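These are the residues of each chain, in order.
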Amino acid sequence: MAMAWIWTGMVVLSVVFGIANGSIGAVGSAAMEGAAAAVELCLKMAGIMCLWNGVMSIMKASGLMDGLSRLFRPLLSRLLPRACRDPETLAALSGNVSANLLGLGNAATPLGVQAACRMAKGCGGWASDELCTLVVLNTASIQLLPTTVAGVRSALGAQNAFDILPAVWMASILSVITGLLAARLFSRLWRR
């Protein structure tokens, strides 16, 4: 709901300033060009998303996702010990981390929501420390292959869509470490 108000405010301000500056025609042209570019980008991205979601389905069918999930279970058990006691929550968490690692945020979201819903049971309306840690892990996820970003870059004409890998690896590792440290710090401060 808040975003609706923000976007409405931005449109109203654009129109008001366009009228005040005498450039309402340019505002209208920019709005139409932006809408056309957005539709074009969405169509280009749809194919790329279908490709990577298909790759994710093949990984699930071949058992590679289960292998990745088993690989992450020891780490997740240390970060989220209570959540990992439930096998379904652990499976959703492992799948979520695996999908985020492969840069498949759209495939990771339903698994993250499923894990968060299961973790929220019994919290009494307040987010537990583990639920906050899950949000941090999802927000700052480590990505080996930033497929969505590479897809956007490819759709916009980048020569080598994956030339950003070292920067993505460094930024995502630092963001996860910083986020986890901040989550631990705030959980300890909150208890006091």
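Residues numbered from 1 in each chain as written. Predicted model: local features only at pLDDT ≥ 70, side-chain atom pairs only at ≥ 80, totals over all residues. Heavy atoms only, no water.

S.K.: In this structure, what is going on with the side chain of Thr 133? I would like to understand it.
M.R.: Residue position: Thr 133 is located in helix 6 (residues 129-139). Accessibility expressed as a relative area gives 8% for Thr 133, which makes it buried. At a separation of 2.9 Å, a polar atom in the side chain of Thr 133 contacts the main-chain carbonyl oxygen of Asp 129. Sequence-distant contacts of Thr 133, that is, excluding residues within four places in its chain, are made with Leu 80, Leu 180 and Ala 183. (Helix = DSSP H or I, 4+ residues; strand = E, 2+ residues; numbered from the N terminus. Buried < 20%, exposed > 50% of the residue type's maximum accessible area, 1.4 Å probe, protein only. Polar contact = N/O pair within 3.5 Å; in protein donor to acceptor, adjacent residues only side chain to side chain. Contact = heavy atoms within 4.5 Å.)

S.K.: Would you explain the confidence of the model for the protein chain in this entry?
M.R.: For any part of a model where pLDDT is low, the fine detail of the predicted coordinates should not be relied upon. Scored by pLDDT, the protein chain has a mean of 83; 97% of the residues are at 70 or more. Least confident of the elements in the protein chain is helix 3 (residues 64-79), whose mean pLDDT is 80; most confident is helix 1 (residues 2-21), at 89. (pLDDT = per-residue confidence, 0-100.)

S.K.: Quick question: what am I supposed to make of the nonpolar core here?
M.R.: As a rule of thumb, nonpolar side chains are buried together in soluble globular proteins. In terms of nonpolar packing, the biggest core is built from 29 residues, with Leu 76, Leu 80, Leu 93 and Met 119 touching the most fellow members. Here Leu 93 is in contact with Leu 76, Leu 80, Ala 83, Cys 84, Ala 115, Met 119 and Leu 134, once residues within four sequence places are set aside. (Core = buried A, V, L, I, M, F, W, Y, C linked by side-chain atoms within 4.5 Å.)

S.K.: Explain the pattern of salt bridges here, please?
M.R.: Any two side chains of opposite charge can pair if their charged atoms end up close together. Evaluated as defined, the whole model comprises three salt bridges. A salt bridge links Arg 118 to Asp 86; its shortest N-O distance comes to 2.5 Å. Here Asp 86 lies in the loop between helix 3 and helix 4 (87-101) and Arg 118 lies in helix 5 (residues 105-120), a separation of 32 residues in the sequence. Assessed through its relative accessible area of 26%, Arg 118 is described here as partly exposed. For Asp 163, the salt bridge goes to Arg 153, with nearest N and O atoms at 3.0 Å. Of this pair, Asp 163 sits in the loop between helix 7 (147-155) and helix 8 (165-191) while Arg 153 sits in helix 7, and the two are ten residues apart along the sequence. When its relative accessible area of 45% is taken as the criterion, Asp 163 is described as partly exposed. With relative accessibility at 24%, the residue Arg 153 sits in the partly exposed group. Each of Asp 86, Glu 88 and Arg 118 takes part in a single network of salt bridges with overlapping partners. (Salt bridge = Lys/Arg side-chain N within 4 Å of Asp/Glu carboxyl O.)

S.K.: I would appreciate a short explanation of helix 7 in the present structure.
M.R.: Think of an α-helix as 3.6 residues a turn; residues three or four steps apart then line up on the same face. When we look at burial in helix 7, the residues that qualify are Thr 147, Ala 150, Gly 151 and Ala 155. Down the axis of helix 7, the smallest arc covering the buried residues is 135°, so these residues share one side. Gly 157 sits one or two residues past helix 7 and shows a positive phi near 95°. (Arc of directions from axis to C-beta.)

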